[in-house]
Amino acid sequence: MAGITTLGTTYNLPNYTGILYQLTPSDTPFFSAIGGLTGGGQTDAIEFEWQSYDLRAAGQNTRLEGADAPTEEERVRANVSNIVQIHQETVGVSYTKLAATQAKAGINNAERNPVLNELDWQTEQMLKQMVRDIEYSFIQGTYQKPVDNTTARQTRGILAAITTNVIAADAGGGAADALTEAYVLNLLQTVWENGGIQESETATLICNAFQKRQLTDIFITQKNYREESRNMAGVRVQTIETDFGRLNLMLNRHMPTDEVAVVSLEQCMPVYQEIPGKGHFFAEPLAKTGAKEKVQLYGEVGLKYGNERAHGKITNLTTN
């Protein structure tokens, strides 16, 4: 079973009967939690930016009685930017395929093929795939700003954005090491000291399946805690107790298996470039070129991740 990269016909898209099961997972917890297709921000340029600033180190900073006004002192602002990338796909189905809804390629029984509009069904599946691509890009995306139209734009994902709070697990000589409580707490402390994970409701550890098992064992099983969960923007997440508050634990199949990230989700959101008269993510019929129907799906979106020092990651973890 596989996809095809040509016009859908009665020959390459056979009909069957019975319940239709989806084999490939289509969950996108990170993208959903920060806004999804219906939330987020807007831009009217291919690039978008935000600003950051810091405050001086705290101290007593006392002045002498009767002293002249101190030397002028100001804080400098800096800009951070990302780019929207284009997601564009097409589905096409022949007139015959649209009409022959009950031409069956399997058991020719009395049951009916449940897909009554092939074009609508294919459009729905393509949208699921595109949203998964956004999820992957927002996590593992590498930044690419082309100088001309021979190269596609690529948004910077959250892992590439994290440059300050990075801990590389090391069992000696650069060898991968197992996830431990010390690694996690050291990362949380560093992120907290840099202003991250201040909001417990959105402070989130994101990991793939193997590291999720390690985190559950470290923070729930070994500590004899009762497992708890909560709903965050429609996404159900497990919670764990740490020295830095209760954190969400998000299982995400698009995270690298050898990394764990801590993300301040309140600083993240998708940013869309809206196409005039169409919206920011849409499907539209293409011009007729024969006995077929074709639909184009299109959207431009990038990740705004706020202050990268509010996030962190552990790399080089063992995966078995």
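Everything below is about the structure printed above this text.
Residues numbered from 1 in each chain as written. Predicted model: local features only at pLDDT ≥ 70, side-chain atom pairs only at ≥ 80, totals over all residues. Heavy atoms only, no water.

## Here's the deal with the sheet that holds strand β10 (residues 260–264)
Item 1. The sheet built from seven strands is open, its strands ordered β5-β14-β10-β6-β9-β8-β7 with mixed pairing. The two strands at the open ends of the sheet, each matched to only one other strand, are β5 (166–168) and β7 (228–232). Neighbouring strand axes in the sheet, compared pairwise and without regard to direction, differ in orientation by 25° on average.
Item 2. Across three bridges, β5 lies against strand β14 (residues 312–315) in parallel orientation. Bridge pairing in β14 places A168 opposite T315. (Pairing = 2+ DSSP bridges. Helix = DSSP H or I, 4+ residues; strand = E, 2+ residues; numbered from the N terminus. Axes fitted to C-alpha atoms, helices over the stretch in contact; angles between N-to-C directions.)

## Some details on the packing of aromatic side chains
Item 1. Evaluated as defined, the whole model comprises five aromatic pairs.
Item 2. Measuring from centroid to centroid gives 6.0 Å for F48 and W50, while their planes differ by 25°, and the two rings are stacked. W50 matches F48 in its accessibility class, with the two residues each being buried.
Item 3. Among the aromatic residues, ring-to-ring pairing joins F48, W50 and Y305 into one connected group. (Phe/Tyr/Trp six-rings, centres within 6.5 Å; stacked < 30°, edge-to-face > 60°. Buried < 20%, exposed > 50% of the residue type's maximum accessible area, 1.4 Å probe, protein only.)

## What to know about the state of the cysteines
Item 1. Tallied over the entire structure, the rule returns zero disulfides.
Item 2. Free cysteine: C207, not disulfide-bonded; nearest cysteine sulfur from C268 at 16 Å.
Item 3. Overall, the relative accessible area of 0% leaves C207 in the buried class.
Item 4. Residue classification places C268 among the buried residues on the basis of a relative accessible area of 5%. (Disulfide = S-S within 2.5 Å.)

## A look at the nonpolar core
Item 1. Core analysis: the largest hydrophobic core is formed by 38 residues, its most contacted members being F30 and I158.
Item 2. If we ignore the near neighbours within four places in the chain, the residues touching I158 are F30, F138, I139, V263, C268, L303, Y305 and H311. (Core = buried A, V, L, I, M, F, W, Y, C linked by side-chain atoms within 4.5 Å. Contact = heavy atoms within 4.5 Å.)

## Comments concerning the environment of F138
Item 1. With respect to the helices and strands, F138 occurs in helix α3 (residues 118–140).
Item 2. Under the relative-accessibility criterion, F138 is labelled buried at 1%.
Item 3. It is 8.4 Å that separates the C-alpha atoms of F138 and L159, two residues lying 21 residues apart in sequence.
Item 4. What F138 contacts, discounting residues up to four positions off in sequence, is F30, F31, I34, T155, G157, I158, P270, V301, G302 and L303.

## Details of the layout of surface pockets
Item 1. Computed from the structure, the largest pocket encloses a volume of approximately 1,500 Å³.
Item 2. In this structure, the largest pocket is lined by 40 residues; those nearest its centre are A2, L13, W121, Q122 and Q125.
Item 3. Mapped by element, the contributors of at least two residues to the lining of the largest pocket are β4 (85–94), α3 and β13 (292–304).
Item 4. By residue number, the principal contributor to the lining of the largest pocket is α3, which donates eight residues.
Item 5. Split by residue class, the lining of the largest pocket holds 18 nonpolar, 17 polar and five charged.
Item 6. Computed from the structure, the second largest pocket encloses a volume of approximately 170 Å³.
Item 7. Lining the second largest pocket are I46, I83, I86, K145, P146, D148, N149, T150, T151, A152 and R153.
Item 8. Tallied by class, the residues present in the lining of the second largest pocket amount to five nonpolar, three polar and three charged. (1 Å grid on protein atoms, 1.4 Å probe; cavity = no way out; pocket = protein on both sides within 12 Å on 5 of 7 lines; lining within 4 Å. Points joined across faces, edges and corners; volume = space filled by probe spheres on them. Nonpolar A, V, L, I, M, F, W, Y, C, P; charged D, E, K, R; others polar.)

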